[in-house]
Structure formats: structure tokens, C-alpha cells
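Okay, here's what each chain looks like letter by letter:
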Amino acid sequence: MMSLKVWKYVLSILILFGIISLLYNIAIGKNWNYNTVSVLDEVQTWSRSSRLSERLLTFQQYHTYCPHLAKPLSLEDEVEERKLLNSIIWPQLPSGSAPPSLLQTSDPVHSRFTIVTSKIKPSWYVGDQLEVQIQLRDFKGQPKRYGGDLLLARLHSPKYEAGVAGQVLDHENGLYTVRFPLLWEGSAQVDVMMVHSSEAIAVLRRLRDHRLDRVRFTSTFRQGDQSEKMMCHICLPPEPGPICNFTDVRTGEPWYCYKPKMLSCDTRYNHAMGGYAIDLLTDEETLLFQNGKNVKVPIQASTMDTINVLPSSKDKGSQKPDPVKLATSGYYYQGSWRPLDGVPMGQFNDSSAITQCLTNKSVYLYGDSTMRQWYEYFSSMLPDLKKFYLGKPIKLGPFLAVDTKHNMLLWYRIHGPPMRTQWVMSNDLRYIANELDGLTGSRDTVVALSIWAHFTTLPVEVYINRLRDIRKAVVRLLNRAPGTLVVIRTANPQSLEQDVSLYNSDWFSLQQDMVLRAMFKGLNVRFVDAWQMVVAHHEPHNLHPLRPIVKTMVDMMLSYICPHRSSNNVGI
């Protein structure tokens, strides 16, 4: 055992290190209270995974990318951000080794999954849990020895129009376990897909954290016949010249453009996407993103891929599995979504059912184009809605529709920058938090939010900051009008053709999805689990899910609005 003198010596060194760090932080003007906590936290958590330290280094690098522009965070916000970044840490490639060749990377064709059977209990029953083991192999057929691959899995039955997403566990040694709740009788088939190899995700992580310029944004500045187009972004290096600061005065959300040479900053006319950066990858890295070879490719079963599920065994009765334990929000059966959180799911199949639910309601939809899909769905289903043309871009809005007969209002507005869109007038740029602050709220007010797809090219910290502002506005809204219903749509996986992975990878979206759920957990809001609704469905993945899935999402929201009109679930 270490002697008492040695312990005192070690403790003195740690205390001296903490004091030196504090004095240094004070000297450079950092928040004293935050760094007191930070240093103590480093001493107490030295044994944590090295991946956390590496991730937090990236966090600090981002915040010093524009030190002259950075929005200071409170101690509480700093601590939350650290916890959130810790919660989404992803396994990294073995350190100290040379970058692997393509032949050493994960190959879904050589990989296999196996349904785990038991001699003690050879049959499966409704209410049980199915376990599947996956062994990833490289292109040489050799077993992988580390994890970090992104896999998606579902259990489904075309006969019963049933499906449920699986929970994937990474053992970080090339082996993975998938768990499914068994929720219907009869046949059930396992599908497993490798979205990205661990080697590809290492590249995606680098792009996300260090290449903010993957998407370029511009604004046109105009005065009379004179105009100039300038580069804009959430953060701009100061070297090329002076900048125009368009940071939102209420939320502090940053946005900047380089100042035109001949025009003033207040002549900004519009906002638009200026294109995608190219040549982001080396020749070797490009090989990691090949459709049909190592991006969204199925993994085959080693033997059987289908089981037969028997009725619930007598000793279990008809009790449903714990949805929290299973991390399952719901499943499809007979083509309909069945939530597992106790919310009765209704089927709003015609205009009369939807109209009856939304009579005397004001519905405000805010977010990206995946939320615009809801507006378009309502517009197509409700013939009494009168749409007002506001002279705005057809894909951007804002959009307004009113049914005076049933006292119904429907409103959609896209979120503020960053927005990868065609041009939009600068005076039409709105941040969701400010829009929510402008709502009175009531028992007849419904707010739905979806914000994720335009943030996949930015560090997670940017997304956290945006969600924090929205969350504060949601809390203020619910405080002044507790009866207001707030519904949050999660992210969803999508097709990844060509170079889409470099900007919209499912891995980016999954990381954001985890952050979104954590940040709004415990608030009086409702979720529409778009991620599991898409994974569990037989339709192909799409950034904009196909109409049957959109109907499922809208029906879920309507079930929150009108629970007394929802039909009872049928199932286990």
C-alpha cells in the first residue's frame, strides 16, 4: 500500500496543478466558477474513458474557433453540454495503429448474424425478448476486433404488416447484440443492415467536428442597382476582412457574413445555400463510402432469419414488456402503429375525423422540411382549409391555412439559419424560440417542432445551443399557458446515395436524436418517434418519409390532441 507521505505528496501536486490552471484561466478572462468545477471534475474523473477527453478537446477547439464571437455559456449550460457530449461518445478506432486499408474494414457481405436459441426454452412466446448476435468481418473474411460500426435492425412480418426496431448493443470487439421485443404471434423475420463501418464513422466524426465549411451559405446585399454576394456562416475566420454580425439579439444565436466592399451590412437582401464543399476525402477514404458495398448494405443470417412466435405463455399472462427496458416506443401491426407508452393510438383516416379533432384548434408547425410534410399532409386531407398565398417561396413558406367553418388555423414556418435552401428573404428569417415567445398559448393551441436535418454538417455543440434556446422558450410557453400541447418530431434515417453520407449521414442524425431526447426529457412535451417509425416500416428510408409513414406521424400527434377519440390498441 502507498504510504501516507506519498499520498500527501500526490494530493499536493494535484492541488498545485488546480491552482495553476485556475490562475491561467483567470488571466485569459474565462469564467472563474466554471473552471473551478472543471479542474475538480478532472481530478475526480481521471479514470474515465480516454474517448471523453478526446471529445472534450474537440468541444474546446470548436469554442475557440471564433473566440472573438463566441457566446459565453453559464456554468449550468457548460455542465449540461459536457454531460450531453459524454452521453453520445462513440467507440473510436484503435489508437496508435496506421489507417486500415479497405480490405481491413467492415464488410457486410462477409459478416453474419445469428438468432440466439436456448435448449432450456427452445420456443419463443409473445412477451419474450429475441436476441440476435452479429459478427462483423473485414473484406478478407477475418473477424473484426473492435466496434464502432453503425447497424440498424428490425423484426418484421409482411403477413401481419408488422415491424419493430431493434436495440443494437456494441461490445466494441466486433461483436454486436440486437434485442427485439416479441409483440405479435406468428412469423417474424430479422433484418440487419450495416449503415457505415467504424472506419467510415471515424471520417464522419472528423468532418463534423472540423469541417464547418462542408456547406457554404451566402447572402446577397442590395441597394438600388448595386448588389454583392458574400459568404456567411455560423462562424467565419476573421482573416479575409470585416464581418457583419447578424446574431439574433434575443436568443444570441450567431450568424455572420463577410461585409460587402461597397455596401453596408443593413442592405442584406436574402439568405441562400451557396453549395457543398468538394474534395473532402482522400482517395482511401472515398472507398469507405460506396453504395452497395459498405453503405446501407444488408447483413445475411448464418442460418435461419425467421422464427415463429407462439401465444403468450400462461405464467406471463398478457402483460406487455417494459418499453423503457426495451427502448422501444412502439411497433406496427396490421399496418398501424401501436405505441408502448400507454397512449391510445387513433386512426384518423378521413377528413371528417381530422376536422373533428382539430375544430377550434390553432396548430403551429415549426422546423425543417420534414415538418413541412405535416402541413402538406393536412392541406391534402382537409378540403375546407383555405390556403393563403403569402408570396413566399413554395418550399419555404411561411404558410397559412384557415378553416373558418370549424375555427381552425394551420401555420408553418421554417427555422432560422443554418438552412440549406434556395434563397429566402432576410426579413423572413425567424428563430423558433422567438416564434414561441410570440404565442399566447392555450388548451386549443398545438405546437409541433422538428429541427435536425440542417444541423448535420455542424458540431453537436451548435445543435445543443439551438435546442437549449428552444427548450427555454417551450418552458416559458408552458408556464404561461400550461394547457398548450407541444409535440416534438425526432430525426429519421434516410437514403444515402452518392456523397450524401458526407453531409446527411444517419450517424449524424442519430447523434442529434440522442441529444434531442435527452434535452427535452422530463418536460411536459410529447414525442413522435420518427426514428423508430421509419426503421420498423417496410418502406425504404428517405429524408422525407413516404406518405404512409407521414400519416402515422400525424395520427400520433392527433392522438395526443384527441386521446378520447382514439381507438384502443389491439395487441399483447
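In this text, all values refer to a predicted model and were calculated from it rather than measured experimentally. In this numbering scheme, every chain counts its residues from 1 along its sequence in written order. With the structure being a predicted model, the display of local features is reserved for residues of pLDDT at least 70 and the display and counting of side-chain atom pairs for 80 or more, all residues being used for whole-chain, interface and lining totals. Excluding hydrogens and water, the side-chain values take into account all heavy atoms of the structure.

### Notes on the pattern of salt bridges
- Definition used for salt bridges: Asp or Glu carboxyl oxygen within 4 Å of a side-chain nitrogen of Lys or Arg. By the definition in use, this model includes 22 salt bridges.
- Where Arg-468 meets Glu-81, a salt bridge forms, and the shortest distance between an N and an O atom there is 3.9 Å. Here Glu-81 lies in helix 4 (residues 75–87) and Arg-468 lies in helix 11 (residues 460–480), a separation of 387 residues in the sequence. Comparing Arg-468 with Glu-81 shows no difference in burial state: the two are buried.
- One connected set of salt bridges, linked through shared partners, spans Asp-77, Glu-80, Glu-81, Arg-468, Arg-471 and Lys-472. Here a helix means four or more residues in a row that DSSP labels H or I, a strand means two or more in a row labelled E, and each is numbered from the N terminus. Only protein chains enter the accessibility calculation, which uses a 1.4 Å probe. A residue is then buried if its area is under 20% of the maximum for its type, exposed if over 50%, and partly exposed in between.

### With respect to the packing of aromatic side chains
- Only centres within 6.5 Å qualify two rings of Phe, Tyr or Trp (six-membered ring in Trp) as a pair; their planes then separate them into stacked at under 30 degrees, edge-to-face at over 60, and tilted for everything else. Counting across every chain of the model gives 14 aromatic pairs.
- Ring geometry for Tyr-276 against Tyr-503: centres 4.4 Å apart, planes inclined by 55°, an arrangement best described as tilted. With a gap of 227 residues between them, Tyr-276 in strand 13 (residues 270–276) and Tyr-503 in helix 12 (residues 501–504) connect regions that are remote in the sequence.
- Judged by its relative accessible area of 36%, Tyr-276 is partly exposed.
- The structure contains a cluster of three or more aromatic residues connected by ring pairs, namely Trp-90, Trp-507 and Phe-508.
- Only Lys NZ and Arg CZ are tested; either one counts as a charge over a ring when it is within 6 Å of the ring centre and within 35 degrees of the ring normal. One Lys or Arg, Arg-222, reaches over the ring of Tyr-269 and ends 4.1 Å from the middle of that ring.

### Points about the sheet that holds strand 23 (residues 445–450)
- For two strands to be treated as a pair, DSSP must find no fewer than two bridges joining them. Strand order in the open sheet formed by seven strands is 19-20-21-18-23-24-25, and the pairing between neighbours is mixed. Bordering the open sheet on either side are strand 19 (386–388) and strand 25 (526–528), each of which pairs with just one other strand. Each adjacent strand pair in this sheet contributes to an overall mean axis angle of 20°, direction not counted.
- Alignment of strand 19 against strand 20 (residues 399–403), held across three bridges, turns out to be antiparallel. Its bridge partner lying in strand 20, Lys-386 is registered against Val-402.
- Should any heavy atoms of two residues lie within 4.5 Å, those residues are considered in contact. All axes here are fitted lines through C-alpha atoms, helices being fitted over the stretch that makes contact, and every angle between N-to-C directions spans 0 to 180 degrees. In the packing of helix 15 (residues 547–561) onto the sheet, the strands contacted are strand 18 (362–367), strand 23, strand 24 (485–489) and strand 25, and the crossing angle to strand 25 comes to about 160°.

### Structural notes on the pairing of strand 13
- Pairing of strand 9 (residues 215–223) with strand 13, which is carried by four bridges, proceeds in the antiparallel orientation. In the sheet register, Thr-218 faces strand 13, and the bridge partner there is Ala-272.
- Relative to strand 22 (residues 424–425), strand 13 runs antiparallel, the two sharing two bridges. Directly across from His-271, in strand 22, lies its bridge partner Val-424.

### A closer look at the packing of helix 4 against helix 13 (residues 506–520)
- Orientation of helix 4 relative to helix 13, taken along the N-to-C sense of each, is 135°, at an axis distance of 10 Å. One finds that helix 4 runs oblique with respect to helix 13. Handedness of the crossing formed by helix 4 with helix 13: right-handed. Where helix 4 abuts helix 13, its residues Glu-80, Leu-84 and Ser-87 lie against Met-514, Val-515, Ala-518 and Met-519.
- A per-class count over the contact of helix 4 with helix 13 returns five nonpolar, one polar and one charged. Here the word oblique covers every angle except those under 35 degrees (roughly parallel), over 145 (roughly antiparallel) and from 65 to 115 (roughly perpendicular). Throughout, a crossing is termed right-handed when the near helix is turned clockwise from the far one, and left-handed when it is turned anticlockwise from it by less than a right angle. The residue classification treats Ala, Val, Leu, Ile, Met, Phe, Trp, Tyr, Cys and Pro as nonpolar and Asp, Glu, Lys and Arg as charged. All others, Gly included, are polar.

### Some points on helix 5 (residues 198–210)
- Spanning 13 residues, helix 5 covers 18 Å between terminal C-alpha atoms, matching the ideal 18 Å at 1.5 Å per step.
- Here helix 5 lies mainly inside the structure; 10 of its 13 residues are buried.
- Every buried residue of helix 5 is listed here: Ser-198, Glu-199, Ala-200, Ile-201, Val-203, Leu-204, Arg-205, Leu-207, Arg-208 and Asp-209. The span you would expect from a helix comes to 1.5 Å times its residue count less one.

### Some words on helix 15
- With 15 residues, helix 15 ought to run about 21 Å at 1.5 Å a step, and its terminal C-alpha atoms sit 21 Å apart, in line with that.
- For helix 15, a buried count of 13 out of 15 residues is recorded, marking the element as mostly surrounded by other parts of the structure.

### Some remarks on the confidence of the model for the protein
- Per residue, pLDDT captures the predictor's confidence, and it can take any value from 0 to 100. Predicted confidence across the protein gives a mean pLDDT of 86, with 84% of residues reaching 70 or more.
- Below pLDDT 50 for its whole length, residues 1–11 participates in one contact with residues either more than four positions away or in separate chains.
- For residues 567–572, every residue scores under 50 in pLDDT, and the model assigns this stretch 19 contacts once sequence neighbours within four places are set aside.

### Some words on the sheet that holds strand 13
- Reading across the sheet, the six strands line up as 11-12-10-9-13-22 and stay open at both edges, with antiparallel pairing between neighbours. The open sheet has two edge strands with one neighbour each: strand 11 (243–245) and strand 22.
- Looking at chain direction, strand 11 and strand 12 (residues 256–258) are connected through three bridges and run antiparallel. Among the inter-strand pairings, Ile-243 is bridged to a residue of strand 12, identified as Tyr-258.

### So, the state of the cysteines
- Two cysteine sulfurs form a disulfide in these notes if their separation is within 2.5 Å. Summed over all chains, the structure comprises three disulfides.
- Covalent S-S linkage joins Cys-232 and Cys-257, the inter-sulfur distance amounting to 2.0 Å. The sign of the 105° torsion about the S-S bond sets the Cys-232-Cys-257 disulfide as right-handed. Placement of Cys-232 in strand 10 (residues 226–233) and of Cys-257 in strand 12 is noted, with a sequence separation of 25 residues between them. One exposure class covers both Cys-232 and Cys-257, and it is buried.
- Across the disulfide from Cys-357 sits Cys-562; the S-S distance is 2.0 Å. Because the sign of the S-S torsion sets the handedness, a value of about 105° for the bond joining Cys-357 and Cys-562 places this disulfide among the right-handed ones. One end of the pair, Cys-357, is in helix 8 (residues 351–358); the other, Cys-562, is in the segment after helix 15, and 205 residues separate them in sequence.

### Some thoughts on unusual backbone geometry
- Here the residue pair Pro-417 and Pro-418 is connected by a cis peptide bond, since its omega of 5° sits within 30 degrees of zero.
- Positionally, Pro-418 belongs in the loop between strand 21 (408–414) and strand 22.
- Located in the positive-phi region is Gln-334, a residue other than glycine, with phi close to 55°.
- Here Gln-334 is to be found in the loop between strand 16 (330–333) and strand 17 (336–339).

### Side note on the pairing of strand 6 (residues 167–170)
- Here four bridges tie strand 6 to strand 7 (residues 175–181), and the two strands are oriented antiparallel to one another. In the sheet register, Val-168 faces strand 7, and the bridge partner there is Val-178.
- Between the antiparallel neighbours strand 6 and strand 7 lie four residues, among them Glu-172 with a positive phi of about 60°.

### Here we look at the side chain of Gln-511
- Along the chain, Gln-511 falls in helix 13.
- Assessed through its relative accessible area of 2%, Gln-511 is described here as buried.
- Ignoring sequence-local partners within four residues, the contact set of Gln-511 consists of Ile-88, Trp-90 and Arg-208.

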